[in-house]
Structures are given as structure tokens and as C-alpha cells.
Amino acid sequence: MSNSQTPTAFTPSDFSAVQMRETAKSSDRAPPTHFDAVIIGAGFAGMYMLHSLRDKLGMSARVLEAGNGVGGTWYWNRYPGARCDTPSYIYCYTFDRNLLQEWEWSERYPEQDEILRYLEHCADRFDLKPDIDFGKRVNSTVFDETTNRWTVRTEQGDAYTARYVIAATGCLTAGNMPKIKGIDTFKGRSYHTSRWPHSGVDFTAKRVAVIGTGATGVQAVPIIAQQAKQLTVFQRTPAYCVPARNGKVDPEVTKARHANYDQVIDNIRKSFFGFELSFMPKSVLEATQEEREREFDRMWDQGGFEFWLGNYNDMFFDKRANDIVSDYVRGKIRSTVNDPVVAEKLIPSYAYGTKRQPLDTNYYETFNKRNVLLVDAKTDGPIEEITEKGIRAGGKEYEFDIIVYATGFDAMTGALKALDIKGRGGRSLTQLWEDGPAAYLGVTIAGFPNLFMITGPQSPSAFSNVPVSIEQHVEWITECIAHMRRNHLTTIEPTEQAQEDWGKHVIDLVSMTLVPNTDSWYMGANIPGKAHKFLAYIGPEGVGGYRRHCDEVSAKGYEGFEFASQGQGGTARTMAAE
Ligand SMILES: Cc1cc2nc3c(=O)[nH]c(=O)nc-3n(C[C@H](O)[C@H](O)[C@H](O)COP(=O)(O)OP(=O)(O)OC[C@H]3O[C@@H](n4cnc5c(N)ncnc54)[C@H](O)[C@@H]3O)c2cc1C
């Protein structure tokens, strides 16, 4: 593997090393070592956090970023077909009205390079880059109880100290490379979608395998099939896809949205999932068959997440209701895929909507092409090993020139654990979270003072339109730090009790839905050995209710938190709201 500027094809077991092979490129400002705050990650979250702490509170802050540019998700995930599936007009920052007015998106769901250009524009517009150290991968984050400061170290050998650490490391960051026998023996080229070469990959005249049929595989498969001589898709669990209906944005629609952004922002902030969508105030079981068909067709034709997040209100809660919705999608798959045997392989058996919804642009149609083959773990046999020539599955060897791993992420906790965080008494976060994460409001952790997470586990995070959740966290954290500075408080951390109560609340709520019954990355089920525990937060009133709850916590003097202030006579600890 070369030590080049950008990732290239790699030896799969070397995957974790690949993540840190981007060469360090230091910013032209000589970095002081001590800061008020260190922020880890320069995606949507880290960039806004920097702007808030530096430009609103006047703090010294440094962002440490493993990649050689801003953008996070959109810097790394450059695979064919990569695009967002939140509508572009709400897949952006909303905190600056001028920025909203000056940026125009070309498509309903823009491609990776357009989103990256947007984030680059934001970094330049707010002059963020001078305070970002690129090519710095954090591998140690330790709290010192004598100084009440964190020391943050990088793979590259740097050390920084700070009063506050904000992990803006992203919910889908740590790529998941499956441990398959013989994975390094393959003589062709291997790629993981989350570390795609910046120069692209030419599939022309190549025999290609794609492993994985989650949201990424669904985006990549149709595009790779257009170029490859032969594409073989290895499926462990089929996905329910709904049509994206992507297209250019009508300039008149853009104009109307720009004139009405205040209302749009209010809508998404108060909504259940951070979209301008809400469940229909009706049970599917109460609707007549004719009415259901009409509503299902309307949502299907509308495209996007309408079918997922704007459906009948019992779809996520009642198995009988969900069966009706699931059967509608199954019917669509059967009517799109010509070969009935292939169609049946593509039809999921779990409850619709309980995994991340992929949006489809010609995914099912792609299986009608003569150069595309589906190998399904259940009916054809699972992958047994990677060989020199390709992949052995179900006792048969398939030969390839290229293997693409579209195998997703160690979601929500993977990137946080990689920071090797040690709190009070040298307590390791990784060990603490062995049985699944625990975090008060999903933002802070008992025993880890002044450590904040943006879109951390047990917050709405990946179960929402993520930029909406990012902005809420950044603004709440900024106000919390401002409160501490106004009141000369040195540390903040949640009480064990508040954290335990929050964890119980998260589980109680999700247990009312069908989500825990499905093996998904929301449940940690995609990673062997990972605790089976819901990783996000749903309801009762979604991101709107969560925002209100966080605001109430701060309005009550940071209920559930403990502060300490360091005066001349030593450290004084107070319960919040005392
Ligand atoms: C392919 C794909 C499509 C997506 N589409 C959508 C969508 O349509 N809608 C939606 O709401 N969300 C979507 N998401 C989720 C997406 O991650 C968020 O929308 C958003 O980009 C997250 O921003 P972030 O800043 O929190 O994290 P990221 O963008 O992931 O940025 C985190 C940054 O932290 C850095 N980092 C991590 N660990 C370290 C370390 N140890 N040291 C230094 N730096 C580190 C990473 O290099 C990265 O640059 C998608 C995710 C993927 C992968």
C-alpha cells in the first residue's frame, strides 16, 4: 500500500491502517498546544462547533481531522452513486440565513461532490481552515483530574490539551470490514466504499463483486453495473427500497423555499425526524383497502422518505399494520424484477422501515440486466472465503477482477471508541460501553467531565435528518459552555442516576416499536460481538420533543448534571439546579 495522498485499493485486513494513511498536511498557522477546546472531526458537526465556540464565544479552539480536507462523510465516501437521501434544501446548515439564501442545490438529492463543494464553501465562508489541523488522527483522549484538562494525542505524535473536548466524529464513520477467511489472498483490487480513491475506479471490462446491499450498495450497484462487464452482488439481507425520484430542482421551487425558509426551519426542528414529514394521523388497519392503495401509491409516486416517515401512524408499532405496508413494497419488487426467483431473493421478511431506508434509482431494475447476478446468502449459500481469484460462496467459486466492500459502518460507537477515551480514575469508555453505550441525553457521559458528543449514541442522531440534530447539539453545547464560563464553573458531567434514567427512557421508548425485533446497525447487529442495544433515540415526539427536553434540562439549571468550580480553596462540586 503506497503512502499516497488519498486511499487506493488495499489489503482488506489492513483496513484500519488505510484509514490513517492520508499524509499529514499541517495548516500554515503554527499550532499552540493548549486550547480552550479541542474538537475532533471536520464534517458538518465539527465545522459548526468550531464556528460557534470561536466566533460566538471567543474561545480558542482547534479541530483535529484525520482526512486532508473538510466534509467528513462527503470527503471519504466517494463511491459511484454516493449522494444524500435527505432532500437537499434541508440537508444543509440552517443557522445562517445568508448562507441559506446564497447556496442553490442542483438536484433533489445531490451527489457527493456537490455536498463536498458546499461544505468547502462553508469552511471558506467562515474562515475555518486556519483552525483545523488536517491529517491528524486522534488515538488517545485522557482526562487529568489534577488540572481538569484533557490531553488529546494523535497517531502522528501531536499532543494538545484543552478544558473541553467535543467529539464530532460522526455516526457513520468507522468503516466495517468483515472478517472473512482468506480476505488478504485476493490478487485483484479491493475497495471499501467509505474509503474510495479520490481518482475514482474504472470498472470497464471488469468482473466486479459488490458485497453488501444496504443503503450504500443500493446506490452503487446500478452505476457499477453500467460499466462492468459482469457484476455479482452478494446479499446477506435484502433491503426494502423505495424510489428516490431524484431530479433537477425547479428554480421556482427553490425561489419559493428561499422566500419561506423560516417556516421550513421551524417545521424540521419541530418534526419527528427532522424532515417536513409526519405520520398520517390514522391507523392503516382502519383504512379501507382502496384508501390504503391510494395513499401508498401517492407516497410511492412522491418518492423519497415520504413512504417511510409519512406513512400510517401504526406502521412502526403494530406488526399487523406493518405487514400491510411491507406487502405493498414486496409487490413492487415482484412487479419490477423480471425473474421471479431473483425477485423472491430480493424480498425481505423483516418488518418494513426497521432498517435504514435506502432510496432506489434503478436498483431493482439492475437485476434485470444480463450482466448482473445476485448471490443470496440464504438461498445460494453464504460467503465462505475470499480466494486468490475471487469469492467462494455456497460451495461455488466466483472469479473477479475487483471486489467492492459495501459493508457499512461500526455505527454510532465505532469512531468514539477509537479515540481511546479515559475519564475520571482512568476509566475507559471502551470498557464502560462493552455492553452497549450509556450517555445522558446522548451528549455527555458520567465520569467523563467536559466531554461532549455530537449525534452521540442515545440521541436522535442517525435516526433523523442528521444536520438538524447536529445543529441542535452544537447550539445546546455552546450554550452549556457559555453558562459555565459565565458562572466560573470548571467542569460539568451528568450524574450516574440521570444517565441511567435516560438509558431506561431510550429503551422503554424503542421497545414500543418494531425496531428492536430486526437485526440492523441501529441495534449494533451488523458487527460480530457488538452489544445488541438500540443506538439512537426515537420519540415520543421525535427530534422536536428531544430538542424541547434538552432545553428544559438547561432551563432547570442543567438538571441531572453536576458542576465543579475550582477556587483558591480547591474544587467545589455542586448539583445542578441547587
Ligand atoms: C454514504 C452516506 C450517506 C449519508 N446520507 C445521509 C442523508 O441523506 N441524510 C442524513 O441525514 N445523513 C446522511 N448520512 C449521515 C452523515 O454521516 C451525516 O449526515 C453527516 O454528514 C455527519 O456529519 P458529522 O460531522 O457528524 O460526521 P462526519 O461527516 O462523519 O465527520 C466526522 C469526521 O470526523 C473525523 N474523525 C473521526 N474519527 C477521528 C479521529 N479519531 N481523529 C480525527 N478525526 C476523526 C472523520 O475523518 C470525519 O471527517 C450519510 C452517511 C453516509 C456514510
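Check the entry above for the structure.
Below, the structure is looked at part by part.

The rules behind these values
- Residues numbered from 1 in each chain as written.
- Predicted model: local features only at pLDDT ≥ 70, side-chain atom pairs only at ≥ 80, totals over all residues.
- Heavy atoms only, no water.
- Phe/Tyr/Trp six-rings, centres within 6.5 Å; stacked < 30°, edge-to-face > 60°.
- Buried < 20%, exposed > 50% of the residue type's maximum accessible area, 1.4 Å probe, protein only.
- Lys NZ or Arg CZ within 6 Å of the ring centre and 35° of its normal.
- Near = heavy atom within 4 Å.
- Polar contact = N/O pair within 3.5 Å; in protein donor to acceptor, adjacent residues only side chain to side chain.
- Areas by Shrake-Rupley, 256 points an atom, 1.4 Å probe, with all protein chains shown as cover.
- Helix = DSSP H or I, 4+ residues; strand = E, 2+ residues; numbered from the N terminus.
- Contact = heavy atoms within 4.5 Å.
- 1 Å grid on protein atoms, 1.4 Å probe; cavity = no way out; pocket = protein on both sides within 12 Å on 5 of 7 lines; lining within 4 Å.
- Points joined across faces, edges and corners; volume = space filled by probe spheres on them.
- Nonpolar A, V, L, I, M, F, W, Y, C, P; charged D, E, K, R; others polar.
- Pairing = 2+ DSSP bridges.
- Right-handed = clockwise from strand over helix to strand, strands pointing away.

**Some remarks on the packing of aromatic side chains**
Stage number 1. Enumeration over the complete set of coordinates arrives at 50 aromatic pairs.
Stage number 2. Consider the rings of Tyr 75 and Trp 76, whose centres lie 5.1 Å apart with planes at 90°: the pair is edge-to-face. Across the pair, exposure class does not vary: Tyr 75 and Trp 76 are buried alike.
Stage number 3. A ring pair is formed by Trp 103 and Trp 105, whose centres lie 5.7 Å apart and whose planes are at 70°; its orientation type is edge-to-face. Both residues of the pair, Trp 103 and Trp 105, belong to the buried class.
Stage number 4. Taken together, the ring pairs in this structure connect Phe 272, Phe 273, Phe 275, Phe 279, Phe 305, Trp 308, Phe 316, Phe 463, Trp 521, Tyr 522 and Phe 534 into an aromatic cluster.
Stage number 5. One residue, Arg 78, lies across the ring of Tyr 75, its end atom 5.0 Å from the ring centre.

**Let's talk about the site of the ligand**
Stage number 1. Surveying the vicinity of the ligand reveals 36 residues, the closest of which are Glu 65, Thr 73, Asp 85, Tyr 91 and Val 466.
Stage number 2. Measuring from an oxygen atom of the ligand, one finds a backbone N or O atom of Ala 45 at 2.8 Å.
Stage number 3. Taking Thr 73, its side chain carries an N or O atom lying 2.7 Å from an oxygen atom of the ligand.
Stage number 4. In the complex, 96% of the free accessible area of the ligand, which totals 970 Å², lies under the protein chains.

**Side note on the environment of Pro 460**
Stage number 1. If you trace the backbone, Pro 460 turns up in the loop between β18 (451-453) and α16 (466-486).
Stage number 2. Sequence-distant contacts of Pro 460, defined by excluding residues within four places in its chain, comprise Ser 469, Ala 536, Tyr 537, Val 543 and Tyr 546.

**Quick notes on the layout of surface pockets**
Stage number 1. What the second largest pocket holds in volume is close to 300 Å³.
Stage number 2. Residues of the lining of the second largest pocket, tallied by class, amount to 9 nonpolar, 5 polar and 6 charged.

**Some remarks on the pairing of strand β9 (residues 230-235)**
Stage number 1. Burial analysis of β9 places 5 of its 6 residues in the buried class, the great majority of the element.
Stage number 2. Here 5 bridges tie strand β8 (residues 207-211) to β9, and the two strands are oriented parallel to one another. Within β9, the position partnered with Val 208 by the bridge is Leu 231.
Stage number 3. Chirality of the crossover, the property in question, places the unit of β8, helix α6 (residues 215-227) and β9 among those that are right-handed.
Stage number 4. Relative to strand β12 (residues 372-376), β9 runs parallel, the two being bridged by 5 bridges. Counterpart to Thr 232 in the pairing with β12 is Leu 373.

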